[in-house]
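Okay, here's what each chain looks like letter by letter:
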Amino acid sequence: MTTNPFSDAKGKIEDISRFVGRKDELNAIASRMKGDQPTSINIVGEKHIGKSSLLDYFVRTWQQRGLDPNRYVVIYLPLRGVDCQTETGFYEAVAEGLLSYIQGWQQRSLQNPWKTKPLNRQAFSDAVKQWKQQGKLPVLCLDDFESLLKYPDKFDNGFYDNLRSLMDSNALMLVVASRKQLDVYANEYHFGSSFFNIGHTIYLKELTTDEAIELSRLPTRSTNGAALSVDEQNHAQQWGDRHPYKLQLAGYYLWEARQQGKAIKWAKQQFEQQLVNPKSKAKGKWWQLWLRWLVWDLPVRLGRIAKFIGGAVDDVSNWIIGMVILLLLVLVLVGVLHWNQVWDFVRDKLGIK
């Protein structure tokens, strides 16, 4: 085998033949599309747990799940793209995705509603409602929902209320992937829209033990024809611990080690180097911020006392004055100086009589 069947990337799995597991979650999405009242879904899971791969795989395979292809149009839309940084950009990205599945002159009645310019909120609502009248339901699988939260002035309560209204009228279904529940974001960002109380939540966890074993046996999913030896599969399962991204990464470097004639120890080192410990990273960042505050921000702020009294100094001068004040405060605390001496020094330097 000349191609590594495992992925070392943190994004979605491009080759759907190598997608493993998540049968319950896939069936749950399909079941909520059926009937006269489709239920929108919030897929919630930590970073790199497989939300993007799940949505993408569902979009590519939904017709295999007993769903009527004449009723639904299902698209995958990554919201992190530059096209989705404005409300109109979002609507146009949706329209482009939907129209890519509606082709041919006989489909003009479905195409025309999306060609309105500008495609603003009202035009988007009208297009969705016209599709409903023609028996067509758009199902939007929205990935990386947090990207919209970066632009609260572009995507306000009115934007979310409009989506909720279309969902409530059974004209639109959403499958929204996010790291936290949508109602948590509503509280954090002070949104009052009922959109954030979405119909159903699916929590994406680690793979089952059987699914983890199946993944370690790619590409055949069985011991016969697996890319890794039984011993390498065991290492992958131990390192990955049922986490889909970690399992993929472990398998990737174990396969690479064998191809390059390197030891398993090398694969383990590569695997660990690729993993980022968020807690350690956050801790290191906290220390950097604290050190900057102590040696720069605090002295500068102390130095700016002069501005309240009428002085005019730049930040470098502020820093120098602040460092002197800090040193004097330390000397007071250890008993070398008295408060009156410090005050006399400050008054002298600021020209206060």
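These figures come from a predicted structure and were not determined experimentally. (Residues numbered from 1 in each chain as written. Predicted model: local features only at pLDDT ≥ 70, side-chain atom pairs only at ≥ 80, totals over all residues. Heavy atoms only, no water.)

Draft legend 1. Representation of the packing of helix 5 (residues 121-133) against helix 7 (residues 157-168) in the model. Where helix 5 contacts helix 7, the two axes come as close as 11 Å, and the packing angle between them is 10 degrees. In terms of axis orientation, helix 5 runs roughly parallel to helix 7. Along its contact with helix 5, which presents Arg-121, Phe-124, Ser-125, Val-128 and Lys-129, the element helix 7 presents Gly-158, Phe-159, Asn-162, Leu-163 and Leu-166. For the contact of helix 5 with helix 7, the class distribution of residues is 5 nonpolar, 3 polar and 2 charged. (Axes fitted to C-alpha atoms, helices over the stretch in contact; angles between N-to-C directions. Helix = DSSP H or I, 4+ residues; strand = E, 2+ residues; numbered from the N terminus. Parallel < 35°, antiparallel > 145°, perpendicular 65-115°, else oblique. Contact = heavy atoms within 4.5 Å. Nonpolar A, V, L, I, M, F, W, Y, C, P; charged D, E, K, R; others polar.)

Draft legend 2. Main features of the packing of helix 10 (residues 230-240) against helix 12 (residues 264-274). Axis separation between helix 10 and helix 12 bottoms out at 12 Å; the angle between their running directions is 25 degrees. Our classification of the angle between helix 10 and helix 12 gives roughly parallel. Crossing of helix 10 against helix 12: the hand is right-handed. Every residue of helix 12 that contacts helix 10 at Asp-231, His-235 and Trp-239 is listed here: Ile-264, Ala-267, Lys-268 and Phe-271. Its residues assigned to classes, the contact of helix 10 with helix 12 shows 4 nonpolar, 1 polar and 2 charged. (Left-handed = near helix turned anticlockwise from the far one by under 90°.)

Draft legend 3. Up close: unusual backbone geometry. For the bond from Lys-117 to Pro-118, the omega torsion is -5 degrees, close enough to zero to count as cis. Relative to the helices and strands, Pro-118 resides in the loop between helix 4 (108-111) and helix 5. Omega for the peptide link from Leu-218 to Pro-219 comes to 5 degrees, which places this bond in the cis form. Here Pro-219 is to be found in the loop between helix 9 (209-216) and helix 10. One non-glycine residue, His-190, lies in positive phi territory at about 60 degrees. Its location among the elements puts His-190 in the loop between helix 8 (182-189) and strand 5 (200-203). Judged by relative accessible area, which is 69%, His-190 ranks as exposed. Phi at Arg-221 takes a positive value of approximately 70 degrees, unusual for a residue other than glycine. Mapped onto the elements, Arg-221 comes out in the loop between helix 9 and helix 10. (Buried < 20%, exposed > 50% of the residue type's maximum accessible area, 1.4 Å probe, protein only.)

Draft legend 4. The arrangement of the sheet that holds strand 3 (residues 137-143) in detail. Strands sit in the order 2-3-4-1-5 across an open sheet of 5 strands; the sheet is parallel. On the outer flanks of this sheet lie strand 2 (72-78) and strand 5, each paired with one strand and no other. If you compare each strand with its neighbour and ignore which way they point, the axes differ by 15 degrees on average. Note: strand 1 (residues 41-44) against strand 5, 4 bridges, orientation parallel. Its bridge partner lying in strand 5, Val-44 is registered against Tyr-203. (Pairing = 2+ DSSP bridges.)

Draft legend 5. Structural detail: the confidence of the model for the chain. With 84% of its residues at a pLDDT of 70 or more, the chain shows a mean pLDDT of 86. The low-confidence segment residues 278-284 (pLDDT under 50) makes 1 contact with residues lying over four places distant or belonging to another chain. (pLDDT = per-residue confidence, 0-100.)

Draft legend 6. Region of the structure containing the side chain of Ser-216. Its location among the elements puts Ser-216 in helix 9. Taking relative accessible area as the criterion, Ser-216 reaches 2% and is therefore assigned buried.

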